[in-house]
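# Residue-level structural notes
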Amino acid sequence: MMPLNVGLVGNEFRVGYRLQSEWSWSMATAFFCGEVGAGLFFISYLAGLKSGLLVGLLMVAVGKASGHLIHLGRPSNAWRAVRNVRKSWVSRGLAAIAVFTATASLVLADAYLPGIAPRPLIAVAGAVAMLAALVIMVYQGLAMSHSPSLALWSNGLMPVTSFTYAMLGGVFIALVLGWNELPADRLEVMQVFAAGLVLLGLVVVVSLLHAAKYGPEAGQRSADLLLGSDLKGWFFPLVIVVGFIVTGLLLLFGTGQQLYITVAAVTELAGYYAFRILMFKAATYDPILTFGRHTRRR
Amino acid sequence: MATWGMAFDLRRCIGCNACAVACKQENTLPYGVFFTKTLTETVGTYPNVSKVYIPTICNHCEDPPCERVCPTGATYVRPDGIVMVEAKDCIGCGTCVVACPYDTRTVLHKHHVQDGLFGGGYKTPFEQQGMDRFVEGTTVKCTFCHERVDGGLQPACVATCPTEARVFGDLDDPDSVLNRLIRERKGRQPLPEKNTNPRVFYIE
């Protein structure tokens, strides 16, 4: 039940719902680059797209790393973050990034300089890189849902949204990069796959919000921010309309046309980046204790 | 070995925040950083309105999510239950801050450590003697004044409270004042649905 007289508070000494403020744009950028980069590498490996492998690796190794290093209070000690793989998803993710960077580099080197290493080694490196990419695609969602503190994040669908957006970003960038490189039948399959992922992504995001709206009070507060008040002007137009509806329409009417696909890639990526930032901005802590008068559950 | 816990008697708390001041003084906390606060809530509708004062502190949970998510192991639990942060291992990722349901942790940014209370980098003699312990970019939190507790004293906030609204003691001792208070007055944990099993109780 939502307490009537308990609202959003900042640092003042009042009982209320508090917004998450520790993770912001630098972490959102790191999450974005990591997931999309890993997704791009994954799709490019399956499709045989060399440029996709390169861009994917750079997004993870440089984009994600930069975002995290900017955020850290002590970036010089960042290497310590791999010490708690037994319990921490952040540690596990960093271990996966390290393994991915090493193995993906080997795969990439072989792609551009064939024969640089024995074929069995490249095959093993490829399999390991794909597995590591899979971990990178989901671990951030698992890290967010690992703690019960933020109802909006503490949801089994969070890793699913991470994976779905990673694949979406990956397939769209692969389509753009590979338009003149890949055979037509492979491009067609990728476009159908992209269309399926757009539908899936929309369902997953709507389900996530539904779970928040009808879950704990802080989750209801977060859903209200995104759909009904302060962040509504950003969430619905960017995440839903631009990220899914416009992207879907461009795919539907622009199949086989490079310009439409490129614009669709831009709209999808813009929608995903907006989703990441808004998930951070809307996350809300429950009041520790309240004696306020309660309403009926909405 | 004792397992330390605390209880807040909400009938006794008058919201003076002497506990917050004592904590700041004991730990030489920078401007804007609090290990404990007493929050206010206005309840009822006019003309039947009253205020409730709710002290907050790190709950030193039995199953702390901050310890679980910490990638470096900087957050750890002592054998006596006190949850600590080892500054030399902390990288300031803020994952523990995000993971804590009770919003009781703070990452020390540059302005916290360097500015001083009056700004401009000037630090009073009091700040100079106490703030060297803080490492910029690391997470800090309440430690139940572990140095005082190890020396047989009560935490500063407990010792200072003028109404004895804060009670500190051994949760493993069934005859301790703390345990008797929790038992007799039906103390409840904050946000029990988060499954962190806090060692801080609220007595209404």
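Residues numbered from 1 in each chain as written. Chains lettered and ligands numbered in written order. Predicted model: local features only at pLDDT ≥ 70, side-chain atom pairs only at ≥ 80, totals over all residues.

Next up on the list: the overall build of chain A. Check the secondary structure of chain A and you find nine helices and three strands. What you see for chain A is a C-alpha radius of gyration of 21 Å, in line with the 19 Å of a compact globule of 298 residues. Once the C-alpha set of chain A is aligned to its principal axes, its extents read approximately 70 × 50 × 25 Å. Residues classed as buried in chain A amount to 52% of the 298 residues present. Sequence separation of 24 or more characterises 72% of the internal contacts of chain A that already satisfy a separation of 6 or more. (Helix = DSSP H or I, 4+ residues; strand = E, 2+ residues; numbered from the N terminus. Rg over C-alpha atoms; globule rule 2.2 N^0.38 Å. Buried ≥ 20, exposed ≤ 12 C-beta atoms within 10 Å, placed from the backbone. Contact = placed C-beta atoms within 7 Å.)

So, on to the interface of chain B and chain A. If you look at the interface, chain B gives 40 residues, while chain A gives 34 residues. By residue class, the composition of the side of chain B that touches chain A is 21 nonpolar, twelve polar and seven charged. (Nonpolar A, V, L, I, M, F, W, Y, C, P; charged D, E, K, R; others polar.)

Right, let's talk about the pairing of strand β8 (residues 166-170) of chain B for a bit. Strand residues, when the strand is regular, have side chains that alternate between the two faces of the sheet. All names here are of chain B. Across the five residues that make up β8, a large majority, four, are buried. In terms of strand pairing, strand β1 (residues 4-9) meets β8 through five bridges, oriented antiparallel. Within β8, the residue paired with W4 across the bridge is D170. (Pairing = 2+ DSSP bridges.)

Moving on, we get to the packing of helix α1 (residues 25-47) of chain A against helix α5 (residues 157-177) of chain A. Residue and element names in this part refer to chain A. Their axes nearest at 7 Å, the elements α1 and α5 cross at an angle of 55 degrees. As judged from the angle between their axes, α1 and α5 are oblique. α1 and α5 meet at a crossing whose hand is right-handed. Within the contact between the two elements, α1 uses E35, V36, A38, G39, L40, F42, I43, S44 and A47 and α5 uses S162, Y165, A166, M167, G169, G170, V171, I173 and A174. Of the residues contributing to the contact of α1 with α5, the split by class is twelve nonpolar, five polar and one charged. (Axes fitted to C-alpha atoms, helices over the stretch in contact; angles between N-to-C directions. Parallel < 35°, antiparallel > 145°, perpendicular 65-115°, else oblique. Left-handed = near helix turned anticlockwise from the far one by under 90°.)

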